[in-house]
Amino acid sequence: MKPIHTTWTPVADFIEDYIQSNPVRAHMPGHKGVAFANKLAPIYAHDLTEITGADSLYEADGILLKSEEIASSLFHSYHTYYSAGGSSQCIKTMCALACAYHYQNSAELPTILAGRNAHKTFIHASELLRFKIRWLESIDDDSLCECKITPASLEKTLSSLDPLPCALYLTSPDYLGNILDIKALAAICHKYHMLLLVDNAHGAYLKFMDAPWIHPIEAGADLVCDSAHKTLPALTGAAYLHMSRHAPQALLKLSSAVRDYNVMFGSTSPSYLILESMDRVSKWLIDYPDAYKQCAVKVSQLKEKIKALGFHLRESEPLKITLSLPHQGKSFMKDLTAHHIECEYADPDFVVLMLSPFNSDEDLSRIKQAFALLSHNENYLQKKTECMRTSLPEVKYQPYELLFASEEEIAVDEKCLGRICVRCHIGCPPAVLPIVPGEVINAQTIKVLKKYEIKTIHVLKNPGANK
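In this report, the structure presented in the accompanying data block is examined. (Residues numbered from 1 in each chain as written. Predicted model: local features only at pLDDT ≥ 70, side-chain atom pairs only at ≥ 80, totals over all residues. Heavy atoms only, no water.)

**Side note on the environment of Ala35**
Inference 1: Within the secondary structure, Ala35 sits in the loop between α1 (10–20) and α2 (41–45).
Inference 2: In this structure Ala35 comes out as partly exposed when scored by relative accessible area, which is 22%.
Inference 3: Each C-alpha atom of the pair Ala35 and Phe358 lies 27 Å from the other, and the pair is 323 residues apart in sequence. (Helix = DSSP H or I, 4+ residues; strand = E, 2+ residues; numbered from the N terminus. Buried < 20%, exposed > 50% of the residue type's maximum accessible area, 1.4 Å probe, protein only.)

Following this line, the structure appears as structure tokens:
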């Protein structure tokens, strides 16, 4: 790769030089680079603020801009913007850009079409930005984590909508490792003059894999967010917002507003520890371009060994091991923990392990040994899965209409039938929300909430309640 700067790590180099100069730190943060525990000394020394020469993330024109440009060259984007507030900050920024794109030609409130397995941050974006949501149902699924959307199902939906949404928002890969056909879906979006936004939080590393794996920014998406900490070796909270080189000119013109939107959803004191880690990730990816390909081979071999033991694995993206364990997921997670193996995710029916090039061969061996021991439990070798198909509840309000509504918390039982939900009731993973603010609770909603051990729900307060 041809160097575009004199150094591949402008942020890290600045911080190292600053430490070596032994300055008087008459600036934030309050620890002044001195740790209160010796083991923390390197961390504290590298924790800075926007001092002279350190640049400022939301007005970047120095070392942070240079570092972003290096990342842009790696991901082949029009520009890649850094976030120290995770993909959650980037998702809100993507939605703000989609709204701004819409308002260039319309005064009506924008609508974004979305796969139902959206992260709850997407709901928060709707509440803050006042855009309408129209949900796409999955054509087939057996978990709340997935939402299978095909080019045919998207085409059918769009052909019947008037007016059209300004954008389509998708989650790919999802928490179980399913990847949508982004290339075909992007082509349909562009046919209808819509933007494609992709929550690729779990798939940053796909850019460094060979076909058939492909990063959404290369598959035709217009805006993509990646969590740099989920699969790349950055610190937790590191994320990228990619703008495509092939996005419509009307969107590219909004690039000057990206940082203004981004700061609306994040701290004006972004962590320099996180930003430095992203700076160093770029150099590591340049130095070890085949690391993820080599890791994927090892993980594939491990998957085959696990399947040979009798476990049922779902097809998934290369670095995830996704087990189907009907009614046994939480039990299996506890048994893994007893073997000192911590999984990424577990629900009643599925367990997910996420691996990276920084997992040693010994790590993989220990996983295989634990599975060999647990394979003697026949309950873990069942293959039958319970279908979790969900139909969309009746919509009474959009989420933003209930942001400050009077509410009450009630038990999840038959008494909540017909009540209107006012909050998201599901954990952090991108998942099919059993109920969204503004929707009416039905019997299916209650069944799903109980399955996932959600015992109470916040609903719109009835007129005359508590009098």
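Continuing now.
**Some details on helix α15 (residues 443–451)**
Inference 1: What α15 keeps buried is the set Thr445, Ile446, Val448 and Leu449. Buried residues of α15, seen end-on, are gathered within an arc of 165 degrees and therefore sit on one face of the element. Exposed side of α15, more than 90 degrees from the buried face: Ala443 and Lys447 are the residues found there.
Inference 2: Elements that come into contact with the buried residues of α15 comprise β12 (456–460).
Inference 3: The opening residue of α15, the one whose side-chain oxygen lies 3.1 Å from the backbone nitrogen of Gln444, is Asn442. (Arc of directions from axis to C-beta. Contact = heavy atoms within 4.5 Å. Polar contact = N/O pair within 3.5 Å; in protein donor to acceptor, adjacent residues only side chain to side chain.)

**Focus: the sheet that holds strand β6 (residues 223–227)**
Strand pairing within a sheet occurs via backbone hydrogen bonds; the two strands may be parallel or antiparallel.
Inference 1: Read across the open sheet, the seven strands follow the order β1-β7-β6-β5-β4-β2-β3; overall the sheet is mixed. Here the strands that pair on one side only, and so sit at the sheet edges, are β1 (79–83) and β3 (132–136). The sheet shows a mean angle of 20 degrees between the axes of neighbouring strands, taken without regard to direction.
Inference 2: Sheet analysis places strand β4 (residues 167–171) next to strand β5 (residues 195–199), joined by five bridges and oriented parallel. If you follow Leu168 over to β5, its bridge partner there is Leu196.
Inference 3: This element, helix α3 (residues 63–75), spans β1, β6 and β7 (239–243) of the sheet and lies at about 125 degrees to β1. (Pairing = 2+ DSSP bridges. Axes fitted to C-alpha atoms, helices over the stretch in contact; angles between N-to-C directions.)

**Observations concerning the sheet that holds strand β8 (residues 320–324)**
Inference 1: Spatially, the three strands line up as an open sheet ordered β8-β10-β9, and their pairing is antiparallel. The sheet is open, and its two borders are formed by β8 and β9 (345–346), each paired with just one other strand.
Inference 2: In this sheet, strand β10 (residues 350–354) lies alongside β9 in antiparallel orientation, the contact comprising two bridges. Within the sheet, the bridge partner assigned to Ala346 lies in β10 and is Val351.

**Details of the pairing of β5**
Inference 1: With five of five residues buried, β5 is to be regarded as a mostly interior element.
Inference 2: Side chains Leu195, Leu197 and Asp199 project from β5 onto one buried face, and the interleaved Leu196 and Val198 project onto a second face that is buried too.
Inference 3: Pairing of β5 with β6, which is carried by three bridges, proceeds in the parallel orientation. Residue pairing across strands places Leu197 opposite Leu223, the latter belonging to β6.

**Some thoughts on the pattern of salt bridges**
Between side chains of opposite charge, a pair can form when the charged atoms approach closely.
Inference 1: A full pass over the atoms with the stated rule returns 18 salt bridges.
Inference 2: As a salt-bridge pair, Lys148 and Glu146 come within 3.8 Å of each other at their nearest N and O atoms.
Inference 3: Glu146 gets classed as buried once you look at its relative accessible area, which sits at 1%.
Inference 4: Residue Lys320 is joined to Glu317 by a salt bridge in which the shortest nitrogen-to-oxygen separation is 2.6 Å.
Inference 5: On the basis of relative accessibility, which here comes to 1%, the residue Glu317 falls in the buried class.
Inference 6: Taken together, the salt bridges that share partners define one network made up of Glu16, Glu276 and Arg280. (Salt bridge = Lys/Arg side-chain N within 4 Å of Asp/Glu carboxyl O.)

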